[in-house]
Structure formats: structure tokens, C-alpha cells
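Coordinates in review
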2 protein chains.
Amino acid sequence: VGLISGTSADGIDAALVRLTGPPDQVRIRLLEFTTIAYPPAIRRRVLRLAGGEPIPVGEVSNLNFLLGDLFAEAALEVCRRSRLAPRRVAVIGSHGQTVFHRGPTVPRAAQEKMSPRECSTGSTLQIAEPAVIAERCGVRVIADFRAADVAAGGEGAPLVPLLDYLLLRDEELGTVALNIGGIANVTVIPAKAGPDEVLGFDTGPGNMLLDGLVRHATGGKRRFDAGGRLAEQGKVIQPLLAKLLRLDFFRRPPPKSTGREQFGDKFLATHFLEQPASSLERQRLNLPEPQFKDLLRTVAELTVRSIAGALRDYVFPRGQIDRLIVSGGGTRNQLLMRRLRELMPEVTFHLSDDYGLPADAKEAIAFAVLADRSLHGLPGNLPSVTGARRAVVLGKLVSS
Amino acid sequence: VGLISGTSADGIDAALVRLTGPPDQVRIRLLEFTTIAYPPAIRRRVLRLAGGEPIPVGEVSNLNFLLGDLFAEAALEVCRRSRLAPRRVAVIGSHGQTVFHRGPTVPRAAQEKMSPRECSTGSTLQIAEPAVIAERCGVRVIADFRAADVAAGGEGAPLVPLLDYLLLRDEELGTVALNIGGIANVTVIPAKAGPDEVLGFDTGPGNMLLDGLVRHATGGKRRFDAGGRLAEQGKVIQPLLAKLLRLDFFRRPPPKSTGREQFGDKFLATHFLEQPASSLERQRLNLPEPQFKDLLRTVAELTVRSIAGALRDYVFPRGQIDRLIVSGGGTRNQLLMRRLRELMPEVTFHLSDDYGLPADAKEAIAFAVLADRSLHGLPGNLPSVTGARRAVVLGKLVSS
């Protein structure tokens, strides 16, 4: 079973998978997938914590145990749905809920001249206590996959590229796997690539800014822009878009990773909600609706332009890319998908569903596969992707 | 190697031990022991966090990784001192630094009528990232020993009693092992006891209140009352002592555990520093010194009376106790030791040093032994001590 709650903290994805074959040529069959929404009060507590609000450490501790309980429920639920006794599960791989993530601030090149101690400036924190999951499910758990990569000088993210590599590498086709979750990230797998030739990085916002803006504008009544229909009605605010595309993050070459720290509510507030011009204009014209749709359209455009720009700047120049395989909640936003196709007409688009990896379930599946690798003592990070000094066995094993 | 930083957060104890014999009749030889003080700035950050000040979660994450680095240094240092290559260490057992601990609020008896979910109200949080320790030392690490016991409905503490049981059980003598660290706790091992007959619990403050008061009164210049000499010069404030001995915690039968949440700076402030009468009197008489010594003497008396009271109320009535084996920093406070002997004249006092367990090193040794047990798939908690529903394998295993 693989478990994850993404940066958007909507709820817990649980995938029950059957793995066959040797670990390096693993074959995956998704038996069952489900998402358990966080109770609203819990979600608010998670977002408050992850938002960086000053909070007593007891809340971190309590939330860690509470989420452990909810993650256990999600694992039990996905077993129940497929009528499998939980005790027959070999291992639960739980990503947990990220509440803080910061890769090393020292670039890889500079690290090599420094002592390990000076470099280990990154840190990452996932919660959802695995001891609670193991106790409630009666199944051993591997959790906390990012820490070992960060400890080895890596960004601790992204980790899904190994799954992409294992399942999507091809002798003849250069492949990019694009996941549009809260954050958007790509895995680049050149034709015939070995694990060292895989490139993967976060391109920037996925659904995070879009969802955040919708939630803000509707006072929390809507959580996302279904199909991208609201954004479709707006117009891109070109000067704002141009300004944001010049942000440092987009201009930094990979490896790089990001999260709510960079593209969270603070980013929205600074660039979209506290724009003096826009808010003045809004008041003067008493026209909040169109203004909101324009902002939303601009966010959507920023999202697709940052994805396409990253591919154009850092990926296409390195070698032939034949296909782009898209996963994540963003695949259901038709505006995003249409604009991506328009921006990269030379590439064939596929949905990851067509490759046995349902778009929604991919990340949860990845942590089942990563747990299996750790059980076998195999590394789970790709140093070429995370920037780590070496490939390491990820996670912490908790007995049941 | 066993590693721990106690609730007083002075620094990291590291014990290098050789274990021989079958796990249940383990023999221990302490090869080396050292304590690495926290840098003052780090210590302040730890105490601020553990004190419950509202703090952004990024600080928890960063401090977790920073402490991981310091714990790794301590492990490497204890190896260096004994000229042992770190890679020859079988496992590092790291307790980490507790920054929050709250046992279940639901008593054991009531738990049995409830679902596991309703009961898991306790939570505990130790930091000092084990992935960093494993990476820097090249040794696998087992860490986070308390979470599994809390997940199984236990208090998550104390865990040292298993070590006491393994090393101090006797066919003929009823034994109490008393550890006076920041918190004071006892392990009760009746003659011929099996693991289910061991009792262990926290009696209340150990050195925590004494050290806190000295630090407060000297503006941080002194960290403890060497030998108890300052307290010796004071007089017990009887009404204050009587009031404090009536606290709920002292009147609750075991199992019970406590920590800085209960007997930290807030407790000191409420009961000792913000006493309107005492502060008024201090100002009026302009006599801070004697007043401070009286407060210190009262704290010392509270400490020994709470220990002796717990033994008298909850331990001696259960069966013959022949010897009391004392460990922890408190053994160096002659006032505490003299008063304990006076309060319990019927018992023989020993130092744990005489049993191959140097008073200072005992807790660090315990986590080396517990790590070894977890590696062997053996449980590390004593349900009769922690109140857990069952004996469980403790800790999380991180590969090197």
C-alpha cells in the first residue's frame, strides 16, 4: 500500500498495488485506489502548520499522531474496498504529509568543496506517525522517504522519477513524465537512459496557485476551478505574467524543488491579492468577478508557461523528446492541457493512465514501489535528479 | 552506540557498549562514555521549542536536522575516544531530544472499553534526524523509541526499566532503581520478578526544578547547584511545600510519566518566582539571596519528598524492597542523597556505578540495548510499566 497527502493537503491517497518481477524491472498492477478527504478541521490545522504560522510544538506532535491515525484509516479502507485482509499487505509505504521542505541552499558544485556538516543546510518534515499506522494496521511501515536524500546533500525531491524511470523508460523514445499536482514536476528519460541519465525537477506551481485563488475568491466554498472553466473566461494580465516569469526560481537550472513555502498563500497574497492597482481598480469599477477571472487566467498562464519554459530551456536542448506523459489532478483542467499542447506543438501528449498509471494514483503508487525497494535494501533516490551525493536507501522501517 | 539528550537539554550523552550473550540475558560492557554539550545558541533554540513557545514549523524541521548532525558528532566522538572505526559499530540507538511528550489522557482501564482510535490521545516528539546520523556515521540507526509505545496506548515512558530489569533483577532481593535526571523515575523489580511484574514510573521532578531555579537566579551563569551546597543553606518554606505535595500528579497512582510540560519553567514561574508574598518581601527587605536559597531548599525537599512519597504510597506496600540503586546527575547532589536516606532509613542505598552502570551513562546505555533488541525483533517496552496494550518492537530503522 502506498499513502500520500500532497502539498494541497486535501486528503490521503491510498493505492493498493501488486508488485511482481525483480525490483529493477518491477511490474505494477493497481488493485485499488481511494482518496480519503481530511476532515475540514484537520485540514485547517495542517494548512496553518504548513503555512508557517507560529505554533507550539505540541500541535506538531499531536497532529503527527492524529494524521497517523487518518493514514491508517486510508490504508485500511483501500484494503476493505478490495476485500483484502490488511495483514496480507507486505508493507505500507507512507509519504506522510509534508509540513516543511527546503532543499540545501548551497548548490551542488559548491558542496563538493565543503565538509558534509557545512552543506547539510536543507531540511524536510513529513508528519503522520508511522508507528500509529503500523499499530493500527498490523503491517510494517516504511515512512519518511525524503530525509535520507536531504541528509545525503540532495533536494529530497522529487522522488517519483524513479517510478517513471522504472515504468516509462524506452529503448527508442525520449520521454518526459509531467505531473501536475500542487506543484508541477517533470521526469526526463532520454531513449535508452540508465538511472544516472534521468533528470527530474519541479517546474513551479501546478494546481497550488489556481486552487488557492479559487478558494480565496469563493471564501472557501469552491476548492478548485472545475475543468478550468472559470479561468477560460478571463484574460491574461500580461505585465503581471511577464514580471512573474522573471522570478529567480524559474531562471535557476535544475536540480531544483519547491513547495508551499514558495508558491503558497504568501505568494498569492503578494502578487495577486495585494496588487494596489488591481484592488483599487476593483473598488473603483465595482467589478470583482471579471477581475478574479483575469487573475485566475493569469495564474493558469503562469503555470503552463513555467512548465513549457522549463522544458524548452533545460530539457529539449539536451536531446530528443518524443512523448510527454501527463499525470496529476491538473490533467482534468482542460485549459491547462490545451495551452500546454499549444505551447509545445512538436511533442505528442499522453495521459499516464494509458501506461497503467492512473493520473491520480501515481504518487501513491510511487511510495508503494519505493517502500518495496527499501525493504530490499535498494536505493530509492536518483542522484542525477535530487542532487544527492549518492544513491541511498530511503525511509524508516517501523515493525508491526 | 547509545545516544540521548535528556529533558534538561544540556547536551548529548554517547555510550559505546559491547553487548554479549543472548538478548534476554544480555551482558554489557561500557567501553567509552562522553557528553557533548549543546552549543549555547542551539540549547536556547531547543528550550524555546520544548517550552511550548509558538514557533514556525520550519524551526522544528531545521532543528531536527541540526540536532541530527550534533548527535552524529557525539557518536563519532565516542568512537574516536575508544579508537574504534565507526563502521565497526553494529547499530546506533538514538533517543533524540524530546521536545514534546504527553501520555494518553485516558486511563488504561477506560481504554479497554474504547476503540483504538478514541484512545490514541497521547503523542510524543523526539528530534535529531536519524537519517543524518546514519549518513554521517555510515552506521544504521534505530531512533524514535517512544512513538510505538504511545501508539500501543502506553505512556511512551519510562523505557529504561527494561535495562534495569535485564541487569538488576535478582532471585532474592527486591530492588528499586531510582534515576534522578531532569525528571526522577523508578523501576521496581520484585525478587524473582518476570517482565510482567516490573513496575516503573516517573515520580516527578529530578534536577529539573533545581537547575531551572539556579539558572534563573544567576541569570544563566550557573546551571546547577553543585553538590546541593546552595540549597543546604536555605530553609524549607513549609506551606509552599505542603501545597505542592498535594498536586494531582503526585496523587495519581502509576503508571504515569511527566516532563518539562508539567515541571518546566512555567511551573517554576507559577509556584516559585511569581509568589506575590515572596517577591514583595524580597523587594521590601532587599534580601534576594537568602530568599532564593529558601526557594531552592524547598524545591530540593519537594523533589525528595515526591520520590520517597511515591515509593511509600505505591511501591513498598506491594512487596519487600531490599535495595535502592540510584543513578543520574542527582546522585552528585549530596543534599538530595542525604535527605533520601533520612526519609527511607529502612532501605539500603547503592550507586548504579557499583553494578557496572555508571550513573551518568545509564540512559545512553539503555538506548544501545534497546536498539539491539529492536534489531533482533524483540519488544523494548514493558507494558506493566508504560501501560501499553502489548509489548512492541520499538523504534524506526534507518539504513546507512
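Computed from a predicted model, the values in this text were never measured in an experiment.

Let us now look at the state of the cysteines. This structure, assessed with the given rule, holds zero disulfides over all chains. With no disulfide of its own, B:Cys79 lies 7.1 Å from the sulfur of B:Cys137, the closest cysteine sulfur.

All names here are of chain A. Spatially, the five strands line up as an open sheet ordered β9-β8-β7-β10-β11, and their pairing is mixed. Across the chains shown, the open sheet's two edge strands, defined by having one partner strand only, are β9 (199–205) and β11 (348–351). Strand-to-strand twist of the sheet, defined as the mean angle between neighbouring strand axes without regard to direction, takes the value 20 degrees. Examined bridge by bridge, strand β10 (residues 323–327) and β11 share four bridges and lie parallel to one another. Paired with Val326 across the two strands is Leu351, which belongs to β11.

So, about the relation of the copies chain A and chain B. Turning chain A through 180 degrees and shifting it by 0.0 Å along the axis lays it on chain B, with an RMSD of 0.0 Å. Expressed as an axis order, the relation between the two copies is that of a two-fold axis.

The next subject is the interface of chain A and chain B. Taken together, the contacts link 45 residues of chain A with 45 residues of chain B. Summed over both sides, the interface between chain A and chain B buries roughly 3600 Å², with carbon and sulfur atoms accounting for 59% of that surface. Inspection of the chain A/chain B interface yields six salt bridges. For the salt bridge of A:Glu129 with B:Lys396, the shortest nitrogen-to-oxygen distance reads 2.7 Å. Those elements that place two or more of their residues in the side of chain A that touches chain B are α2 (57–81), β4 (92–102), β5 (123–127), α5 (130–137), α6 (146–151) and β12 (396–398) of chain A.

On to the confidence of the model for chain A, then. Scored by pLDDT, chain A comes out at a mean of 91, with 92% of its residues at no less than 70. Both scores are given for the predicted complex: the pTM is 0.85, the ipTM 0.85.

Okay, the packing of helix α8 (residues 208–217) of chain B against helix α13 (residues 265–273) of chain B next. Residues and elements named next belong to chain B. Relative to each other, α8 and α13 sit at 70 degrees, their axes nearing to 10 Å. In this view, α8 runs roughly perpendicular relative to α13, as classed from their interaxial angle. Contacts between α8 and α13 involve Leu209, Gly212, Leu213 and His216 from the first element and Phe267, Leu268 and Leu273 from the second. For the contact of α8 with α13, the per-class residue count stands at five nonpolar, two polar and no charged.

As a further point, take the nonpolar core. Counting 163 residues, the largest nonpolar core has A:Leu3, A:Ile92, B:Leu3 and B:Ile92 as the members making the most contacts within it. If you look at the next biggest cluster of nonpolar residues, it comprises 50 residues, including B:Leu178, B:Leu241, B:Leu335 and B:Met344.

Residues and elements named next belong to chain B. Burial within strand β10 (residues 323–327) is extensive, with five of its five residues counted as buried. Both faces of β10 are covered, namely the face carrying Arg323, Ile325 and Ser327 and the face carrying Leu324 and Val326. The pairing of strand β7 (residues 175–180) with β10 spans five bridges and is parallel. Within β10, the position partnered with Thr175 by the bridge is Arg323. For the crossover from β10 across helix α16 (residues 334–343) to strand β11 (residues 348–351), the handedness is right-handed.

Time to look at unusual backbone geometry. Here A:Pro254 and A:Pro255 are connected by a cis peptide whose omega angle stands at 0 degrees. As for its placement among the helices and strands, A:Pro255 is situated in the loop between α11 (248–251) and α12 (260–263). At B:Arg83, a position not held by glycine, the phi torsion is positive, near 55 degrees. In this fold, B:Arg83 is placed in the loop between α2 (57–81) and β4 (92–102). With a phi close to 65 degrees, B:Asp144 is a non-glycine residue in the positive phi region. On the secondary structure map, B:Asp144 appears in the loop between β6 (141–143) and α6 (146–151). Of the residues examined, B:Asp144 reaches a relative accessible area of 19% and is grouped as buried.

Bringing the packing of aromatic side chains into the picture now. Residue and element names in this part refer to chain B. Counted under the stated rule, the structure contains 12 aromatic pairs over all chains. An angle of 80 degrees between the planes, with centres 5.8 Å apart, marks the rings of Phe249 and Phe263 as edge-to-face. One end of the pair, Phe249, is in helix α11 (residues 248–251); the other, Phe263, is in helix α12 (residues 260–263), and 14 residues separate them in sequence. Here Phe263 and Phe267 contribute two aromatic rings whose centre-to-centre distance is 5.0 Å and whose plane-to-plane angle is 65 degrees, an arrangement assigned as edge-to-face.

What follows deals with α16(B). What α16(B) keeps buried is the set B:Leu335, B:Leu336, B:Met337, B:Arg339, B:Leu340 and B:Leu343. Capping the start of α16(B), B:Asn333 holds a side-chain oxygen 3.1 Å from the backbone nitrogen of B:Leu335, two or three residues further along.

Next up on the list: helix α1 (residues 40–50) of chain A. Taken residue by residue, α1(A) has A:Ile42, A:Arg43, A:Val46, A:Leu49 and A:Ala50 as its buried positions. Viewed end-on, α1(A) has its buried residues packed into an arc of 130 degrees, placing them on one side of the element. Residues A:Pro40 and A:Arg44 are exposed on α1(A) and point more than 90 degrees away from its buried face. Among the structural elements, α2, β4, β5, α8 (208–217) and α12 of chain A together with α2 of chain B are those in contact with the buried residues of α1(A). Where α1(A) terminates, the next one or two residues include A:Gly52, which has phi positive at roughly 90 degrees.

Before going further, it helps to spend a moment on the environment of B:Asp196. Tracing the sequence through the fold places B:Asp196 in the loop between β8 (183–189) and β9 (199–205). For the pair formed by B:Asp196 and B:Pro383, sequence separation is 187 residues and the distance between their alpha carbons is 7.3 Å.

Residue and element names in this part refer to chain B. Taking strand neighbours across the sheet as the criterion, the five strands line up as β9-β8-β7-β10-β11 in an open arrangement whose pairing is mixed. With one partner strand each, in any of the chains shown, β9 and β11 form the two edges of the open sheet. If you compare each strand with its neighbour and ignore which way they point, the axes differ by 20 degrees on average. Packed onto the sheet, helix α7 (residues 161–168) meets β7, β8 and β10 and runs at close to 40 degrees relative to β8.

Below, the discussion takes up the side chain of B:Glu135. Mapped onto the elements, B:Glu135 comes out in helix α5 (residues 130–137). Judged by relative accessible area, B:Glu135 falls into the buried class, the value being 17%. A distance of 2.9 Å separates a polar atom in the side chain of B:Glu135 from a polar atom in the side chain of A:Arg390. Residue contacts for B:Glu135: discarding those within four places in its chain leaves A:Ala151, A:Ala152, A:Arg389, A:Arg390 and A:Val392.

Let us now look at the environment of A:Phe367. Residues and elements named next belong to chain A. Relative to the helices and strands, Phe367 is located in helix α17 (residues 362–375). With relative accessibility at 0%, the residue Phe367 sits in the buried group. In this structure, the C-alpha to C-alpha distance between Phe367 and Gly219, residues 148 residues apart in sequence, is 34 Å.

All names here are of chain A. For the structure shown, the criterion picks out 42 salt bridges over all chains. Between Arg305 and Glu301 there is a salt bridge, with the nearest N and O atoms lying 4.0 Å from each other. With Arg305 and Glu301 both in helix α15 (residues 288–315) and four residues apart, this pair spans about one turn of that helix. Taking the relative accessible area as the measure of exposure, Arg305 reaches 35% and is therefore partly exposed. What emerges from the salt-bridge pattern is a single network uniting Glu232, Arg297, Glu301, Arg305, Arg338, Arg339 and Glu342.

The rules behind each value
- Residues numbered from 1 in each chain as written.
- Chains lettered and ligands numbered in written order.
- Predicted model: local features only at pLDDT ≥ 70, side-chain atom pairs only at ≥ 80, totals over all residues.
- Heavy atoms only, no water.
- Disulfide = S-S within 2.5 Å.
- Pairing = 2+ DSSP bridges.
- Helix = DSSP H or I, 4+ residues; strand = E, 2+ residues; numbered from the N terminus.
- Axes fitted to C-alpha atoms, helices over the stretch in contact; angles between N-to-C directions.
- Least-squares fit on C-alpha atoms with pLDDT ≥ 70 in both.
- Contact = heavy atoms within 4.5 Å.
- Buried area = accessible area lost by both parts, 1.4 Å probe.
- Salt bridge = Lys/Arg side-chain N within 4 Å of Asp/Glu carboxyl O.
- pLDDT = per-residue confidence, 0-100.
- Parallel < 35°, antiparallel > 145°, perpendicular 65-115°, else oblique.
- Nonpolar A, V, L, I, M, F, W, Y, C, P; charged D, E, K, R; others polar.
- Core = buried A, V, L, I, M, F, W, Y, C linked by side-chain atoms within 4.5 Å.
- Buried < 20%, exposed > 50% of the residue type's maximum accessible area, 1.4 Å probe, protein only.
- Right-handed = clockwise from strand over helix to strand, strands pointing away.
- Phe/Tyr/Trp six-rings, centres within 6.5 Å; stacked < 30°, edge-to-face > 60°.
- Polar contact = N/O pair within 3.5 Å; in protein donor to acceptor, adjacent residues only side chain to side chain.
- Arc of directions from axis to C-beta.

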